[in-house]
Amino acid sequence: MPTPRSYDAIQEGEELPAEERLPTHRKIMMFIGASWQWVPQFYEQETADQMGLEGPIIPGPVRIAWLEQFLRRWLGGAGTFKRIHVSHRRPDYHDKPITIGGHVTRKYEEDGCKLVDFELWVDNREGERSVRGSATVSFD
Amino acid sequence: MSERADPSSDTASDDADSLITPAMQAAIGSEGEPVRVEISREVVRRMAEALDEDNPEILAAIDGDDPHPVVPPYALICMISHMSEMNVPDVPGHGLMAADDWSYTNPVRVGDRITVRPRIADIQERIGGRVGHSLFVHHEWTCTNQDDVEIARVRRTIAHYPNRKPAPGS
């Protein structure tokens, strides 16, 4: 089991080690089937063509889940997610590797809660930022 | 949000015409029928597998004896996302998620019966942006559990573009 990260040990400006992922077509289809998100641009080349896209795209909720998993892994099970915000800047595609990263932006106390803000991101294989995000985690 | 669309396909006259129709204007502030979803252990398990979940605590909770384990927030995101978006009259082309903002107020557990109350918060357009004339629909959802306890508030922005031919080289 990972060691839970304590609030006191977290430093403002601290970088979270980046992680690479390969969202395979098979896994994305598994996700679409499980969540029943049969949105054509997630799996259909013809719709992607109509939209001027390179191919079927990764569903937005998958990218939010990646950021959440990435941050939870770094936290080692500590903390409770209070908020997550994402801005989808450009699409990511099936079978194209991506990199997830982030850093600590702020530590503070509010209404008796110890809170930490993070900036999070996803980069595509060309190094372009496809998702910009942020999250707030509380430590009770 | 797509940046592959070819902005050169828009003409000046296209940009001059608002994409927001009277029907769309009337939809702003409207509330949809509540959407009800039960947090199913099997669906959470399948999503965890699709997402290559490797957190031992989450995996143990999903497969453990507790009939109502807490699930990761992404389970809620993934289970209610698509079915909670209200239809907006006259929106052009296909929609792409532009932004999502989730505030979690209480944990979600397997077996929870979630009610999502959706509304159209706002509709805006952008003329002459990087991807041409586009429309942004802001959805808001309030999620409560079977005890009427609020578990999350969500604001989702969907970007709509008129259908386009493939951009060169795509």
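Residues numbered from 1 in each chain as written. Chains lettered and ligands numbered in written order. Predicted model: local features only at pLDDT ≥ 70, side-chain atom pairs only at ≥ 80, totals over all residues.

## Things to note about the packing of helix H1 (residues 25-35) of chain A against helix H3 (residues 41-50) of chain B
Phase 1 of the analysis: The contact between H1 of chain A and H3 of chain B brings their axes to 8 Å, and the two run at 165°. What the angle tells us is that H1 of chain A and H3 of chain B run roughly antiparallel. In the crossing of H1 of chain A with H3 of chain B, the sense of the turn from one axis to the other is left-handed. Residues Lys27, Met30, Phe31, Ala34 and Ser35 of chain A of H1 of chain A touch H3 of chain B, and the partners they reach there are Val43, Arg46, Met47, Glu49 and Ala50 of chain B.
Phase 2 of the analysis: For the contact of H1 of chain A with H3 of chain B, the per-class residue count stands at 6 nonpolar, 1 polar and 3 charged. (Axes fitted to C-alpha atoms, helices over the stretch in contact; angles between N-to-C directions. Helix = DSSP H or I, 4+ residues; strand = E, 2+ residues; numbered from the N terminus. Parallel < 35°, antiparallel > 145°, perpendicular 65-115°, else oblique. Left-handed = near helix turned anticlockwise from the far one by under 90°. Contact = placed C-beta atoms within 7 Å. Nonpolar A, V, L, I, M, F, W, Y, C, P; charged D, E, K, R; others polar.)

## Things to note about the interface of chain B and chain A
Phase 1 of the analysis: Between chain B and chain A, the residue contacts involve 39 residues of the former and 36 residues of the latter.
Phase 2 of the analysis: Broken down by secondary-structure element, the contributors of at least two residues to the side of chain B that touches chain A are H3, helix H4 (56-63), helix H5 (73-80) and strand E2 (95-104) of chain B.
Phase 3 of the analysis: The element contributing the most residues to the side of chain B that touches chain A is E2 of chain B, with 8 residues.
Phase 4 of the analysis: Among the residues forming the side of chain B that touches chain A, the class breakdown is 20 nonpolar, 8 polar and 11 charged.
Phase 5 of the analysis: One ladder, built from 5 bridges, connects strand E2 (residues 80-88) of chain A with E2 of chain B; its direction is antiparallel. Each bridged residue has a counterpart across the sheet, and for His85 of chain A the counterpart in E2 of chain B is Asp101 of chain B. (Pairing = 2+ DSSP bridges.)

## Thoughts on the packing of H3 of chain B against H4 of chain B
All names here are of chain B.
Phase 1 of the analysis: Running from N to C, H3 and H4 cross one another at 150°; their axes reach a closest spacing of 10 Å. The orientation of H3 relative to H4 falls into the category roughly antiparallel. When the axes of H3 and H4 are compared, the crossing they make is left-handed. In contact with Arg41, Val44, Arg45 and Ala48 of H3, H4 contributes Ile58, Leu59 and Ile62.
Phase 2 of the analysis: Taken together, the residues of the contact of H3 with H4 break down into 5 nonpolar, no polar and 2 charged.

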